[in-house]
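Architecture and fold: a report
Given next are the chains, with one letter for each unit.
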Amino acid sequence: MDTKPIEKPGSDWLARSYVCGYFASTAMLIVLMIAFMGMLLLSGTDALWAQRLTDNTLTVAAKNSPFTSITLHFVAGLLLAIGYGSFFHHKVKGPAWQKGLVYSMGPYLLSVLVFFPMVGAGLLGFQLGAGPLPLIGNLVLHAAYGLTLGVTYGFLTEMDSRVVESSARKAAFGLTVGAGVGFVAAFMLAGASHGPLGINSAWFQMSGALVGSALGCLIGVVSGQEKLPDPALAHG
């Protein structure tokens, strides 16, 4: 009887999961910030749903504690990425972007069916009084996370593990420098106390640092891809 061997993740799956989880969490945060600022602009009109979406118990808590909110966001994103890299990517068939998108629907459902009721937003977020916006917005955010996670993990999986290791130093350097540049840029644009639209400037400063670090890490990964000798030729 033919038995198909169980496909296992590569030896460096954990490192890839961390990197891709970081990128995916950053992408999700960028989409969140853009959407939130758009809703803030609409809330100045007669758009009641937009007003309720930007001014409720969840958004107030997040705006008042930006460092805690962003930290929890990234911890959750990294843990989900570890789960994706440890089994899901290698167990599910299909293109990388599709795998990531399907995987993100799990935490999406947990968010709207479990998390929302737990924090007083009601089932599917309808208790916030913002109509379907919490439901749709959550779907867009998780889709951004899943697509980024799937695409980046698929890209790194195709790379030689030795190439991933050779990129680590430049990626770490790029992450550190990018975080500093992003923080300074956001600080200069948003100011020290309140940023655009009255948002706590700490949100912009941390977001700038995270976006800058992600871009720096990406540049480091790409620039660190050295052409390594073929091991077969090296031992030939």
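In what follows, the structure referred to is the one given above.
To keep things clear, this report deals only with the structure shown in the data block. None of these values were measured; they are calculated from a predicted model. (Residues numbered from 1 in each chain as written. Predicted model: local features only at pLDDT ≥ 70, side-chain atom pairs only at ≥ 80, totals over all residues. Heavy atoms only, no water.)

Concerning the environment of Thr157
Within the element layout of this structure, Thr157 appears in helix H6 (residues 133–157). On the basis of relative accessibility, which here comes to 28%, the residue Thr157 falls in the partly exposed class. For the pair formed by Thr157 and His89, sequence separation is 68 residues and the distance between their alpha carbons is 9.8 Å. With near-sequence residues (within four places) excluded, Thr157 lies in contact with Arg16, His89 and His90. (Helix = DSSP H or I, 4+ residues; strand = E, 2+ residues; numbered from the N terminus. Buried < 20%, exposed > 50% of the residue type's maximum accessible area, 1.4 Å probe, protein only. Contact = heavy atoms within 4.5 Å.)

Here's the deal with the nonpolar core
Judged by nonpolar contacts, Cys20, Ala24, Met28, Ala81, Tyr84, Phe88, Tyr103, Leu141, Tyr145, Leu149, Tyr153 and Leu156 together constitute the single largest core of 12 residues. Among the secondary structure elements, those contributing two or more residues to this core are helix H1 (13–43), helix H4 (66–91) and H6. Other than its neighbours up to four places away in sequence, Leu141 contacts Met28, Val31 and Leu32. Counting 10 residues, the second largest nonpolar core, distinct from the first, contains Tyr22, Phe23, Phe74 and Leu210. (Core = buried A, V, L, I, M, F, W, Y, C linked by side-chain atoms within 4.5 Å.)

A look at the packing of aromatic side chains
Evaluation of the coordinates by the stated rule reveals 7 aromatic pairs. Taking 5.6 Å as the distance between ring centres and 85° as the angle between the ring planes, the aromatic pair formed by Tyr84 and Tyr153 counts as edge-to-face. Of the two residues, Tyr84 sits in helix H4 while Tyr153 sits in helix H6, which places them 69 residues apart along the sequence. On the basis of an interplanar angle of 80° and a centroid distance of 6.4 Å, the ring pair of Phe87 and Phe88 is categorised as edge-to-face. By relative accessible area, which is 42% here, Phe87 ends up partly exposed. With relative accessibility at 14%, the residue Phe88 sits in the buried group. (Phe/Tyr/Trp six-rings, centres within 6.5 Å; stacked < 30°, edge-to-face > 60°.)

Overview of the packing of H4 against helix H5 (residues 96–118)
Packing of H4 against H5 brings their axes to within 11 Å, and their N-to-C directions diverge by 125°. If you check the angle between H4 and H5, you find them oblique. The handedness of the crossing between H4 and H5 is right-handed. When H4 is examined against H5, the residues Leu80, Gly83, Tyr84, Phe88 and His89 are found in contact with a partner set consisting of Ala96, Lys99, Gly100, Val102, Tyr103 and Pro107. Tallied by class, the residues present in the contact of H4 with H5 amount to 7 nonpolar, 3 polar and 1 charged. (Axes fitted to C-alpha atoms, helices over the stretch in contact; angles between N-to-C directions. Parallel < 35°, antiparallel > 145°, perpendicular 65-115°, else oblique. Left-handed = near helix turned anticlockwise from the far one by under 90°. Nonpolar A, V, L, I, M, F, W, Y, C, P; charged D, E, K, R; others polar.)

Let's talk about the environment of Val31
Of note, Val31 is situated in helix H1. Put simply, Val31 and Ala144 are 113 residues apart on the chain and 7.5 Å apart in space, counted from C-alpha to C-alpha.

Some words on the side chain of Thr152
For Thr152, the position within the fold is in helix H6. Once residues within four sequence positions are removed from consideration, Thr152 is found in contact with Cys20 and Phe23.

Quick word on unusual backbone geometry
Within the chain, Leu124 stands out as a residue other than glycine whose phi angle is a positive 65°. Take Leu124: it is sitting in the loop between H5 and H6. We classify Leu124 as partly exposed; its relative accessible area is 23%.

Some remarks on a nonpolar patch on the surface
On the surface, Leu109, Leu110, Leu113, Val114, Phe115, Met118, Val119 and Leu123 cluster together into a nonpolar patch covering about 760 Å² of accessible area. Here Val114 shows up in helix H5. (Patch = residues over 30% accessible without salt bridge, like charges linked within 9 Å, V, L, I, M, F, W, Y side chains within 5 Å. Areas by Shrake-Rupley, 256 points an atom, 1.4 Å probe, with all protein chains shown as cover. Salt bridge = Lys/Arg side-chain N within 4 Å of Asp/Glu carboxyl O.)

Examining H4
With 26 residues, H4 should cover 38 Å at 1.5 Å per step; its first-to-last C-alpha distance of 36 Å lies within 8% of that length. Residue Gly85 marks the point of greatest curvature in H4, where the axis turns by about 50°. Here H4 has its buried residues at Pro66, Ile70, Phe74, Gly77, Ala81, Ile82, Gly83, Tyr84, Gly85, Phe88, His89 and His90. (Expected span 1.5 Å × (residues − 1). Bend = angle between axes of the 7 residues up to and from the residue.)

With respect to H5
If you check H5, its first and last C-alpha atoms are 33 Å apart, about what 23 residues at 1.5 Å a residue would give, namely 33 Å. Along its length, H5 reaches its greatest deviation from straightness, about 40°, at Ser111. Within the sequence span of H5, burial applies to Lys99, Gly100, Tyr103, Ser104, Pro107, Tyr108, Ser111, Val112 and Phe116. Phi for Gly120, located one or two positions after H5, is positive at around 90°.

Such coordinate-based values are descriptive only and should not be taken to indicate function.
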